[in-house]
Amino acid sequence: MQSAIGVVVYQSQHLVDGLLVALSRRLRERDLRLAGLVQHNEDDACTACGDMALEDLATGRLVPISEQRGPGASGCRLDAQGLATSAGLAAAAIGADGVDLVILNKFGKAEAEGRGLRDEFALAVGRGLPTLTAVGEALLPAWRSFAGEDWQVLEPSLEALESWCLAQVAGDARAGERVAEGITS
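Residues numbered from 1 in each chain as written. Predicted model: local features only at pLDDT ≥ 70, side-chain atom pairs only at ≥ 80, totals over all residues. Heavy atoms only, no water.

Asks: Looking at this model, I keep getting lost on the overall build of the protein chain. Mind explaining?
Replies: A count of helical and extended segments in the protein chain gives seven helices and seven strands. N-terminal to C-terminal, the α/β element order of the protein chain is β-α-β-β-β-α-β-α-α-β-α-β-α-α. Entry remark: accessible area of the protein chain is about 9200 Å², with carbon and sulfur atoms responsible for 51%. (Helix = DSSP H or I, 4+ residues; strand = E, 2+ residues; numbered from the N terminus. Areas by Shrake-Rupley, 256 points an atom, 1.4 Å probe, with all protein chains shown as cover.)

Asks: Even after reading the chapter, I still don't get the pairing of strand E2 (residues 34-42), so can you show me in this structure?
Replies: For a regular strand, side chains alternate in direction, first toward one face of the sheet and then toward the other. Here E2 runs beside strand E5 (residues 101-107); their pairing, made up of four bridges, is parallel. Bridge assignment links Leu34 to a residue of E5, and that residue is Leu101. Pairing analysis gives six bridges linking E2 to strand E3 (residues 51-56), with the strands arranged antiparallel. When the sheet's bridge partners are listed, Gln39 is paired in E3 with Leu54. (Pairing = 2+ DSSP bridges.)

Asks: Would you take a moment to explain the environment of Val8 for this structure?
Replies: With respect to the secondary-structure elements, Val8 resides in strand E1 (residues 5-10). C-alpha of Val8 to C-alpha of Glu155: the two residues are 147 residues apart in sequence and 6.6 Å apart in space. In contact with Val8, not counting residues within four places along its chain, are Val16, Leu132, Thr133, Ala134, Val135, Leu154, Pro156 and Leu161. (Contact = heavy atoms within 4.5 Å.)

Asks: Please clarify how the sheet that holds E2 should be interpreted in this entry.
Replies: In sheet architecture, strand pairing relies on hydrogen bonds along the backbone and comes in two forms, parallel and antiparallel. Across the sheet, which stays open at both edges, the seven strands sit in the order E4-E3-E2-E5-E6-E1-E7 with mixed pairing between neighbours. For this open sheet the edge positions go to strand E4 (62-64) and strand E7 (152-153), each flanked by a neighbour on one side alone. Pairing analysis gives three bridges linking E3 to E4, with the strands arranged antiparallel. Across the sheet, Glu55 pairs through a bridge with Leu62, a residue of E4. Set on the sheet, helix H2 (residues 80-95) makes contact with E2, E3, E4 and E5; between it and E2 the angle comes to about 150°. Sitting on the sheet, helix H6 (residues 158-170) touches E1, E5, strand E6 (131-136) and E7, and the angle it makes with E6 is about 145°. (Axes fitted to C-alpha atoms, helices over the stretch in contact; angles between N-to-C directions.)

Asks: What am I meant to see in the environment of Pro64 here?
Replies: Looking at the element boundaries, Pro64 is found in strand E4. Using a relative accessible area of 55% as the deciding quantity, one classes Pro64 as exposed. Through-space distance from the C-alpha of Pro64 to that of Leu54 is 6.4 Å; in sequence the pair is 10 residues apart. Look past the residues within four positions of Pro64 in its chain and what remains in contact with it is Met52, Ala53, Asp79 and Gly82. (Buried < 20%, exposed > 50% of the residue type's maximum accessible area, 1.4 Å probe, protein only.)

Asks: Which parts of the structure should I look at to understand the side chain of Ser24?
Replies: Among the structural elements, Ser24 can be located in helix H1 (residues 13-29). Ser24 sits in the buried class, given a relative accessible area of 0%. Beyond its immediate chain neighbours, meaning those up to four positions away, Ser24 contacts Leu34, Val38, Leu57 and Ile103.

Asks: Sorry, what's going on with the confidence of the model for the protein chain here?
Replies: Low-confidence regions, as indicated by low pLDDT, have predicted coordinates that should not be scrutinised in detail. Chain-level statistics for the protein chain give a pLDDT mean of 86 and a share of 82% at 70 or above. Averaged pLDDT values over the elements of the protein chain bottom out at 35 in helix H7 (residues 176-180) and peak at 97 in E6. (pLDDT = per-residue confidence, 0-100.)

Asks: What am I meant to see in H2 here?
Replies: Residues spaced three or four apart along an α-helix face the same direction, because each turn holds 3.6 residues. If you check H2, its first and last C-alpha atoms are 22 Å apart, about what 16 residues at 1.5 Å a residue would give, namely 22 Å. Within the span of H2, buried status applies to Gly82, Ser86, Ala87, Ala90, Ala93 and Ile94. The arc enclosing the buried residues of H2, seen along the axis, measures out at 130°, which places them on a common side. Summarising the geometry of H2, the exposed residues directed more than 90 degrees from the buried face are Ala80, Gln81 and Ala92. Of the surrounding elements, those touching the buried residues of H2 are E2, E3, E4, E5 and helix H4 (118-126). (Expected span 1.5 Å × (residues − 1). Arc of directions from axis to C-beta.)

Asks: Honestly, the packing of aromatic side chains in this entry has me stumped. Any pointers?
Replies: The way to describe two aromatic rings as a pair is by their centre distance and the angle between their planes. According to the stated counting rule, one finds seven aromatic pairs in the structure shown. Where Phe107 meets Phe121, the ring centres are 6.0 Å apart and the plane angle is 70°; that geometry is what we call edge-to-face. In this pair, Phe107 sits in strand E5 while Phe121 sits in helix H4, placing the two residues 14 residues apart along the sequence. Accessibility classification places Phe107 together with Phe121 in one group, the buried group. Ring plane angle 25° and centroid distance 5.4 Å describe the contact between Phe107 and Phe146, whose orientation is recorded as stacked. Of this pair, Phe107 sits in strand E5 while Phe146 is found in helix H5 (residues 140-147), placing the two residues 39 residues apart along the sequence. For Phe107, a relative accessible area of 0% corresponds to the buried category. An aromatic cluster of at least three residues, connected via ring pairs, comprises Phe107, Phe121, Trp143, Phe146 and Trp151. (Phe/Tyr/Trp six-rings, centres within 6.5 Å; stacked < 30°, edge-to-face > 60°.)

Structural data, given as structure tokens:
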């Protein structure tokens, strides 16, 4: 089963995180059934990095993924337990019936190294679900090695991403009834 894969190529992960959060809100307002994860960032001028959390798009649950390293620490570390919990939530939602679209916040360093959300990407594509993600310019070679060439670069704007997502859902037979009711405008 073939699925559509849309990719936002970025230089600033922080900016694309906010874009995907805003997009997920818009798509939910249209009653689309989403699976996957988007990243929320909370800047903190008092620490080396702000708190991060992944939102499970199926439930809205926020899972913290920043390891609290104390006031003297430099740099950020991801909380392995938070990442594992988030991945499990995403996998369960992607595997459920009735999903219209999958958003996985990024194909990052962990995925390039064979870890992270690789299994969730493979599950979404294997189920034929339209999938949206973000890939940093530096990781494009690793992404191509993982995904091949059957994906589309998308303009990093809310309107362009929403249009792409709605077009994917409109082409999905499971969404046909809701599309006819005007969800895709």
